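Each chain, written out:
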Amino acid sequence: MALQESTAPDPYQTYFEPTVYLNYFKMGQSPVGDECLYFLLKHYHAVFKSGGLKGKLLIDIGSGPSIYQLLSACEAFEEIVATDYTDKNRLELEKWLKKMPGAFDWSPVVKYVCELEGDRDKWAAKEERLRRTVRQVLKCDVHKEQPLEPAVLPLADCVLSSLCLEAACLTEEAFRGALRHLRTLLRPGGHLVLGGGFDSSFFMVGDRKFPCLPLKEKSVREALQEAGFVIEKLETKARAAETLSDPDADYTGMFVLVAKRSD
Ligand SMILES: C[S@@+](CC[C@H](N)C(=O)[O-])C[C@H]1O[C@@H](n2cnc3c(N)ncnc32)[C@H](O)[C@@H]1O
């Protein structure tokens, strides 16, 4: 007898509401949102600032409806390809890129990154630069050996993924597989930049609970090595006591890492 395909609804396609998720990025309104955002923006700034990673193509995996993770990178890469698994997230992202009515207002976040870069007043120019630099928004699935198929792209100088893999991969095996799949998108010597949470078993989007893979520093290091990467930098921070009572997520710390494709 042929195996029947599962009829369970796909949780991200069915239940992940981009406009509700984006509440995390309204600065000053979500303790865990603020904590993640400030940590990630600081370290993406350090990774992509002058003298840091740069190149022609950067692919962002699992962009969701978000652009914060690209604000520093768009100064260092000529072209960015954003991607996500769900149709609604890709549409929400296109809304901002095309300045459509109802698009999320990222300007407070953009201003903050401009401040890190030394000139808060250039925020409108940065928004335009990012809109010019993001050339495509593609479907992706990190569980596929070729996560962007059927699209075919040149090998990237950098693959970035922020808060995605621990949400998309619910087992260590899937996480290791996803890292191997992302490696195929990189040129030899290219860099993977990952941002995420440690020990996270879930996060909330409104009333919906999305399970996560609780990552440990040791398991992340081992998985990267096994997938063919050499870690060049790993920044971590424990969760602040002030956000512990926030019921939206249970991570115990955060990380940003840079790893090089070893060949
Ligand atoms: C917590 S959100 C992070 C989104 C964005 N990177 C950010 O930092 O705001 C997790 C994202 O993973 C995406 N995702 C879920 N399953 C995926 C898969 N199999 N392949 C790629 N992305 C996936 C979801 O659609 C969602 O946008």
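As the structure is a computational prediction, the values presented were derived from the model and not from experiment.

Cut-offs applied
- Throughout, residues of each chain are indexed from 1 in the direction in which the sequence is written.
- Local features in this predicted model are restricted to residues whose pLDDT is 70 or higher, and side-chain atom pairs enter the listing and the counts only when it is 80 or higher, whereas totals over whole chains, interfaces and linings include all residues.
- UniProt positions are given in the numbering used here, feature names are shortened, and annotations may be inferred rather than shown by experiment.
- Helix numbering and strand numbering both begin at the N terminus, where a helix is a DSSP run of H or I of at least 4 residues and a strand a DSSP run of E of at least 2.
- Once C-beta atoms have been placed from the backbone, residue pairs whose C-beta atoms lie within 7 Å are recorded as contacts.
- In this scheme the burial state of a residue depends on its C-beta neighbours within 10 Å: 20 or more other such atoms mean buried, 12 or fewer mean exposed, and anything in between means partly exposed; the C-beta positions come from the backbone.
- We treat two strands as partners when DSSP finds at least two bridges between them.
- For each residue, a C-beta position is placed from the backbone atoms; the residue is near a molecule or strand when that point lies within 6 Å of it.
- Ten residues, namely Ala, Val, Leu, Ile, Met, Phe, Trp, Tyr, Cys and Pro, are considered nonpolar, four, namely Asp, Glu, Lys and Arg, are considered charged, and the remaining ones, Gly among them, are considered polar.
- Under this scheme, a helix contributes an axis fitted over its contacting stretch, all axes are lines through C-alpha atoms, and angles between N-to-C directions fall in the 0 to 180 degree range.
- Roughly parallel means an angle under 35 degrees; roughly antiparallel, over 145; roughly perpendicular, 65 to 115; everything else is oblique.

Details of the UniProt feature "binding site: S-adenosyl-L-methionine" (unreviewed entry) in the chain
Phase 1: The UniProt record marks Tyr21, Gly62, Ser63, Tyr68, Asp84, Asn89, Asp141 and Val142 with the feature "binding site: S-adenosyl-L-methionine" (unreviewed entry), using the residue numbering of this structure.
Phase 2: Its location among the elements puts Tyr68 in the loop between β1 (55–60) and β2 (77–84).
Phase 3: Those residues in contact with Tyr68, other than ones at most four positions away along the chain, are Phe25, Leu37, Leu41 and Val109.
Phase 4: Along the chain, Asn89 falls in helix α4 (residues 87–97).

Things to note about the pairing of strand β4 (residues 156–162)
Every other side chain in a regular strand lies on the same face of the sheet, so the side chains alternate between the two faces.
Phase 1: Extensive coverage of β4 is indicated by the burial of seven of its seven residues.
Phase 2: Note that β1 and β4 share three bridges and pair parallel. Bridged to Leu58 within β4 is Cys158.
Phase 3: As paired elements, β4 and strand β5 (residues 186–198) share six bridges and run parallel to each other. From the neighbouring strand, Ser161 faces β5, where its bridge partner is Leu194.

Some words on the site of the ligand
Phase 1: Surveying the vicinity of the ligand reveals 20 residues, the closest of which are Gly62, Gly64, Ser66, Tyr85 and Ala168.
Phase 2: Of the residues assigned to the shell around the ligand, the class counts are nine nonpolar, nine polar and two charged.

Some thoughts on the sheet that holds β1
Phase 1: Read from one edge to the other, the open sheet built from seven strands follows the order β3-β2-β1-β4-β5-β9-β8, with strand pairing classed as mixed. The outermost strands of the open sheet, each flanked by one partner alone, are β3 (134–139) and β8 (229–238). The average undirected angle you get between the axes of adjacent strands in this sheet is 15 degrees.
Phase 2: As paired strands, β5 and strand β9 (residues 253–261) are joined by eight bridges and run antiparallel to one another. Pairing of Phe198 across the sheet is with Gly253, part of β9.

Concerning the packing of helix α5 (residues 107–116) against helix α6 (residues 123–133)
Phase 1: One can describe the packing of α5 onto α6 by two numbers: an axis separation of 9 Å at closest approach and a directional angle of 105 degrees. As judged from the angle between their axes, α5 and α6 are roughly perpendicular. Two secondary-structure elements touch here, α5 through Ser107, Val110, Lys111 and Cys114 and α6 through Trp123, Lys126 and Glu127.
Phase 2: Here the residues of the contact of α5 with α6 are counted per class, giving three nonpolar, one polar and three charged.

Some points on unusual backbone geometry
Phase 1: Geometrically, the link from Glu149 to Pro150 is a cis peptide bond, its omega value of 15 degrees lying close to zero.
Phase 2: Here Pro150 shows up in the loop between β3 and β4.
Phase 3: The residue Leu163 is not glycine, and still its phi comes out positive at about 55 degrees.
Phase 4: Position of Leu163 relative to the elements: it lies in the loop between β4 and α7 (165–168).
Phase 5: Judged by C-beta crowding, with 24 C-beta atoms within 10 Å, Leu163 ranks as buried.
Phase 6: Phi is positive for Asp199, which is not a glycine, with a value near 60 degrees.
Phase 7: By the secondary structure assignment, Asp199 is in the loop between β5 and β6 (202–205).
Phase 8: On the basis of neighbour count, Asp199 is assigned to the partly exposed category, with 16 C-beta atoms found within 10 Å.

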